[in-house]
Amino acid sequence: MPYQTNDHHPAFEEYCETIFELQEDGVDVIQARIVERLQVSRPAVSEMIKKMKDADLVLFNGNAIFLSDKGKRLANQVVRRHRLAERFLTDVLGLSWAEAHHEAGKWEHVVSPRVEAAFLKLLEDPTTCPHGNPIPGSDYQVPEGTSALAEINVGNEFVIERIPEELEFQPGLLEFLEDANLIPGITGKVTAVSPDGTTTVDVRGSQVGVGAFASQRILVCTP
Ligand SMILES: [Zn+2]
């Protein structure tokens with residue numbers, strides 16, 4: 001049967017979301033990146049990408065994969081439901097960041113337009129997920145003057161703006177950041193940078209070392 005946008009097809013949703021989020025993080029999307037992000041086999045990815053092409057969800061430029069307009073619509077819907085569900089799970093139900101991210105990966109496929117509208121009303125039209133990533137279709141305004149935490153000089157203050165989706169997939173990292181209070185809206189100060197790229201920050205009187213991988217990706221602005 002030909003694929004229709006209204007059909008429930010979690011695998012297509014998952015892949016459209018993944019391509020969207022890789023692009024959002026500035027990654028050039030090729031099959032290998034999808035293999036890494038979804039932790040599935042290369043043949044499984046190439047099979048699914050072929051099905052997505054037949055369903056008019058993706059386009060190619062050489063090896064590079066792009067979402068078609070139809071693919072973008074589906075991605076926007078799934079990412080919006082994921083980020084709204086994360087907000088509900090943390091703000092209303094009190095789940096931790098990591099739990100919310102994991103649970104929202106299931107909710108994103110089952111939230112209906114009716115439930116989505118109810119979330120928007122209850123949560124008062126949020127513009128980002130709890131990690132600071134924009135909710136597609138919301139009034140999100142790109143903040144001015146953001147940079148990576150790694151670019152802040154020793155002695156300077158910063159406000160955490162956003163933990164990109166890429167970091168949400170690093171095992172244990174969301175738990176670490178939440179425990180260390182490194183969450184959007186929090187002000188901190190860079191106190192040291194070590195040769196291996198670890199940035200030590202002072203947040204609410206505690207010193208925390210953020211490894212190079214995370215500090216090059218966490219987006220901050222100046223207070
Ligand atoms: Zn999130």
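Residues numbered from 1 in each chain as written. Predicted model: local features only at pLDDT ≥ 70, side-chain atom pairs only at ≥ 80, totals over all residues. Heavy atoms only, no water.

Asks: Is there a simple way to explain the packing of helix H4 (residues 69–92) against helix H6 (residues 113–122) in this structure?
Replies: What describes two packed helices is the angle between their axes and the distance between those same axes. The contact between H4 and H6 brings their axes to 10 Å, and the two run at 50 degrees. It follows that H4 is oblique to H6 by the angle criterion. Viewed along their axes, H4 and H6 form a crossing whose handedness is left-handed. Side by side, H4 and H6 meet where Arg80, Arg81, Leu84, Ala85, Phe88 and Val92 of the first sit next to Pro113, Glu116, Phe119, Leu120 and Leu122 of the second. For the contact of H4 with H6, the per-class residue count stands at eight nonpolar, no polar and three charged. (Axes fitted to C-alpha atoms, helices over the stretch in contact; angles between N-to-C directions. Helix = DSSP H or I, 4+ residues; strand = E, 2+ residues; numbered from the N terminus. Parallel < 35°, antiparallel > 145°, perpendicular 65-115°, else oblique. Left-handed = near helix turned anticlockwise from the far one by under 90°. Contact = heavy atoms within 4.5 Å. Nonpolar A, V, L, I, M, F, W, Y, C, P; charged D, E, K, R; others polar.)

Asks: How should the layout of surface pockets be read in this particular structure?
Replies: Think of a ball as big as a water molecule: rolled over the atoms, this probe shows where empty space is left. The volume enclosed by the largest pocket comes to roughly 290 Å³. Lining of the largest pocket is provided by 21 residues; of these, His82, His101, His102, Gly105 and Phe169 occupy positions nearest its centre. Within the residue set of the lining of the largest pocket, elements represented by two or more residues are helix H1 (10–24), helix H2 (31–38), helix H5 (97–107), helix H7 (165–168) and helix H8 (173–179). Of the residues contributing to the lining of the largest pocket, the split by class is six nonpolar, seven polar and eight charged. Estimates place the volume of the second largest pocket at around 170 Å³. Around the second largest pocket sit Leu22, Val27, Arg33, Glu36, Arg37, Gln39, Glu166, Phe169, Gln170 and Phe213, which together line it. Here the residues of the lining of the second largest pocket are counted per class, giving four nonpolar, two polar and four charged. (1 Å grid on protein atoms, 1.4 Å probe; cavity = no way out; pocket = protein on both sides within 12 Å on 5 of 7 lines; lining within 4 Å. Points joined across faces, edges and corners; volume = space filled by probe spheres on them.)

Asks: For this particular structure, what's the right way to read the confidence of the model for the protein?
Replies: Atom-level detail of predicted coordinates should not be read off regions where pLDDT is low. On average, residues of the protein score 93 in pLDDT, and 96% of them reach the 70 mark or higher. Contacts for the low-pLDDT stretch residues 1–6, under 50 throughout, to residues beyond four places or in other chains number nine contacts. (pLDDT = per-residue confidence, 0-100.)

Asks: What is the right way to look at unusual backbone geometry in this model?
Replies: Leave glycine aside and you will find that most residues have negative phi; peptide bonds, for their part, are mostly trans. The phi dihedral of Gln39 falls on the positive side, at around 55 degrees, and the residue is not glycine. You can see Gln39 is positioned in the loop between H2 and helix H3 (42–54). Although it is not a glycine, Asp56 sits at a positive phi angle of roughly 60 degrees. Note that Asp56 resides in the loop between H3 and strand S1 (58–61).

Asks: What's the story with the domain arrangement of the protein in this structure? I'm lost.
Replies: When the parts of a complex come together, some accessible area is lost, and that lost area is often taken as the interface size. When the domains of the protein are assigned, the result is domain 1 (10–72) and domain 2 (147–221). Placing a centre on the C-alpha atoms of domain 1 and another on those of domain 2 gives a separation of 30 Å. Taken residue by residue, the interface counts four residues in domain 1 and five residues in domain 2. Carbon and sulfur atoms supply 47% of the area that domain 1 and domain 2 bury against each other, a total of about 460 Å² over both sides. For the salt bridge of Arg162 with Glu24, the shortest nitrogen-to-oxygen distance reads 3.6 Å. Summed over the shared surface of domain 1 and domain 2, the number is one residue pair in polar contact (both at pLDDT 80 or more). Looking at side-chain class alone, the side of domain 1 that touches domain 2 contains no nonpolar, no polar and four charged residues. (Domains from an automatic or database assignment. Buried area = accessible area lost by both parts, 1.4 Å probe. Salt bridge = Lys/Arg side-chain N within 4 Å of Asp/Glu carboxyl O. Polar contact = N/O pair within 3.5 Å; in protein donor to acceptor, adjacent residues only side chain to side chain.)

Asks: Explain the coordination of the zinc ion to me, please; I cannot follow it from the model alone.
Replies: Metal coordination angles in their ideal form are 109.5 degrees for the four-donor tetrahedron and 90 or 180 degrees for the six-donor octahedron. In the first shell of the zinc ion, the protein supplies Glu86 (OE), Cys129 (SG), His131 (ND1) and Glu168 (OE), at 2.1 to 2.7 Å from the metal. Given four donor atoms and angles of 78 to 151 degrees at the metal, the environment of the zinc ion is assigned as irregular. For the zinc ion, all donor residues lie on one chain, and their spacing in sequence is E-x42-C-x1-H-x36-E. With a gap of 39 residues between them, Cys129 in the loop between H6 and strand S3 (147–148) and Glu168 in helix H7 connect regions that are remote in the sequence. Considered together, Cys129 and Glu168 belong to a single accessibility category, that of buried residues. (Donors = N, O, S within 2.8 Å, 3.2 Å for Na, K, Ca; no water. Tetrahedral: all angles 85-135°; square planar, octahedral: opposite > 155°, others 65-115°. Buried < 20%, exposed > 50% of the residue type's maximum accessible area, 1.4 Å probe, protein only.)

Asks: Teacher, can you tell me more about the packing of aromatic side chains here?
Replies: Two measures describe an aromatic ring pair: the distance that separates the ring centres and the angle between the ring planes. This structure, assessed with the given rule, holds three aromatic pairs. A ring pair is formed by Phe88 and Phe119, whose centres lie 4.9 Å apart and whose planes are at 45 degrees; its orientation type is tilted. With Phe88 in helix H4 and Phe119 in helix H6, the pair connects residues that are 31 residues apart, well separated along the chain. With relative accessibility at 6%, the residue Phe119 sits in the buried group. Through a chain of ring-to-ring contacts, three or more aromatic side chains come together here, namely Phe88, Trp107 and Phe119. Seen from the ring of Phe213, Arg217 lies directly overhead, with NZ or CZ sitting 3.7 Å from the centre. (Phe/Tyr/Trp six-rings, centres within 6.5 Å; stacked < 30°, edge-to-face > 60°. Lys NZ or Arg CZ within 6 Å of the ring centre and 35° of its normal.)

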